[in-house]
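# Structural features, examined
As a plain string of letters, each chain reads:
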Amino acid sequence: MPSRTAFGGMLQEIASLGILEFRTELLDRKIERRLKHLWEQRTCPDCGVGQIYAGQSSDRIWCGRCSFMSTYTLGTPFYDAELAGGEFLVAFVLYADSLLSINQIAMLLDRAYDTIHSAIRKCDRAFQRGFPAVWERLDREIDGPTQIDESQQVCSGFKSQDPPRDSLSRGGSPEGGRTRWTGDQGDELTLVAACRDVLRVISAEKGTRYDEELAPVLEEAQDLSQELGEVWTDEYPPYQQMNHDHRTVLHDEEYVSSDGVHTNQVECLWSIIQPWLRKFRGLSRQGLEQAARTFGFLRSLTLARAPL
Ligand SMILES: [Zn+2]
């Protein structure tokens, strides 16, 4: 990926020369104001009736009725964290909207790799939880045919955990920041994606059984859009069990059938998720599941002209 190296490398270089520095104090204050404001609109999570007050010059929030007391970051990824709110957001936006590696983002924010990695993962989970609410607010009709397709993806060799930091340079390229996890090949997962209009739902699954692994992705696409109409697939056998109105394109012979059926949107999605996933130096199974899902939602927002 020459563009990634050029852009990421350039940013990294100007950051190391001290030309570029991220100062997030203003953003931190804005996040604090907004979260405190949100708390003041709510009733107490403990007693359910008391009004919540927020301190002007402290992090504290408290109930006017019972003994509930906490900090305004409660329930957010910023709670009890090493990073300030603004740093979280800058790290997440750089992760989501650029091809910078996690390592490069850590260097830009002058933080340890693990700190940035775990902050991004926390934001990932919050982003996924919040996506349906944000999507609904865009109030956009999502209809037309739904394309679904699957693609193989191999995780790093470490079962259910991310590759260890100290093994990262093993056998990789000698250039810092570009080395990859090159341990044993790990679990093979199937990425399943459904595309409908601007909506993209991606899921990483153990296999391709229709009921257990393909159908849930379609159902989720339906939950986030209108009732499903036609579903377009290639001629992969599990799709034949589908009870939706279903049309196939025969890939070996043609990319668009004579009546216009194709899975080009999903094929395109596979080609753009691959360079993005390389920002990780290898992914555990859980890491891949999470990243793939985030990517689908990010892509949906971008296509809906409501980018992060
Ligand atoms: Zn209370």
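Here goes a summary of the coordinates provided. Computed from a prediction, not measured in an experiment: that's the story for all the values here.

Parameters at a glance
- Residues numbered from 1 in each chain as written.
- Predicted model: local features only at pLDDT ≥ 70, side-chain atom pairs only at ≥ 80, totals over all residues.
- Heavy atoms only, no water.
- Core = buried A, V, L, I, M, F, W, Y, C linked by side-chain atoms within 4.5 Å.
- Buried < 20%, exposed > 50% of the residue type's maximum accessible area, 1.4 Å probe, protein only.
- Helix = DSSP H or I, 4+ residues; strand = E, 2+ residues; numbered from the N terminus.
- Domains from an automatic or database assignment.
- Salt bridge = Lys/Arg side-chain N within 4 Å of Asp/Glu carboxyl O.
- Phe/Tyr/Trp six-rings, centres within 6.5 Å; stacked < 30°, edge-to-face > 60°.
- Expected span 1.5 Å × (residues − 1).
- Contact = heavy atoms within 4.5 Å.
- Pairing = 2+ DSSP bridges.
- Polar contact = N/O pair within 3.5 Å; in protein donor to acceptor, adjacent residues only side chain to side chain.

### With respect to the nonpolar core
It is characteristic of soluble globular proteins that their nonpolar side chains tend to be buried jointly. Counting 76 residues, the largest nonpolar core has Y95, I105, I116, W135, I202, I273 and L288 as its most contacted members. Per-element tally for this core: the top contributor is helix α5 (residues 113-138), with eight residues. In terms of domain composition, this core takes at least three residues from each of domain 1 (2-135) and domain 2 (140-303).

### A look at the pattern of salt bridges
Under the counting rule described, the total for this entry stands at ten salt bridges. In this structure, E82 and R111 form a salt bridge, with 3.7 Å as the shortest nitrogen-oxygen distance. Highlighted residues: E82 in the loop between β3 (69-71) and α3 (85-97) and R111 in the loop between α4 (102-108) and α5, separated in sequence by 29 residues. Notably, a salt bridge pairs R121 with D124, separated by 2.7 Å at the nearest N-O pair. Pair noted here: R121 and D124 are both in helix α5, with a separation of three residues, about one helical turn. For the pair R121 and D124, a shared accessibility class is recorded, and that class is buried. Salt bridges sharing common partners tie together E82, E87 and R111.

### Some words on the packing of aromatic side chains
Throughout the structure, instances matching the rule amount to 13 aromatic pairs. Judged by centre distance (5.7 Å) and plane angle (55°), the ring pair of F92 and F127 falls under tilted. Of this pair, F92 sits in helix α3 while F127 sits in helix α5, and the two are 35 residues apart along the sequence. Overall, F127 belongs to the buried group, its relative accessible area being 13%. Relative to F295, the ring of W276 lies with its centre 5.0 Å away and its plane at 50°, an arrangement referred to as tilted. With W276 in helix α7 (residues 264-277) and F295 in helix α8 (residues 285-303), the pair connects residues that are 19 residues apart, well separated along the chain. Judged by relative accessible area, F295 falls into the buried class, the value being 7%. Cluster of aromatic residues (ring-pair linked, three or more members): F92, Y95, F127, F131, W135, W276, F280, F295 and F297.

### Quick look at α7
When the terminal C-alpha atoms of α7 are compared, their 20 Å separation across 14 residues agrees well with the 20 Å that a helix rising 1.5 Å per residue should span. Looking at the buried positions of α7, the neighbouring elements they touch are α3, β4 (146-154), β5 (188-196), β6 (199-205) and α8.

### Focus on the pairing of β5
Along β5, eight of the nine residues are buried, which leaves the element largely enclosed by surrounding structure. Inspection of the sheet shows β4 paired to β5 by nine bridges, in the antiparallel sense. Residue Q152 lies in a different strand from β5, and its bridge partner there is T190. Relative to β6, β5 runs antiparallel, the two sharing seven bridges. By the bridge assignment for β6, A193 is matched with I202. Counted along the chain from β5 to the antiparallel partner β6, the turn is two residues long, and its residue D197 has a positive phi close to 50°.

### A closer look at the side chain of E87
By secondary structure assignment, the location of E87 is in helix α3. At 3.0 Å, the side chain of E87 forms a polar contact with the backbone nitrogen of A84. Ignoring any residue separated from it by four or fewer positions in sequence, one finds E87 in contact with T24, D28, L109 and R111.

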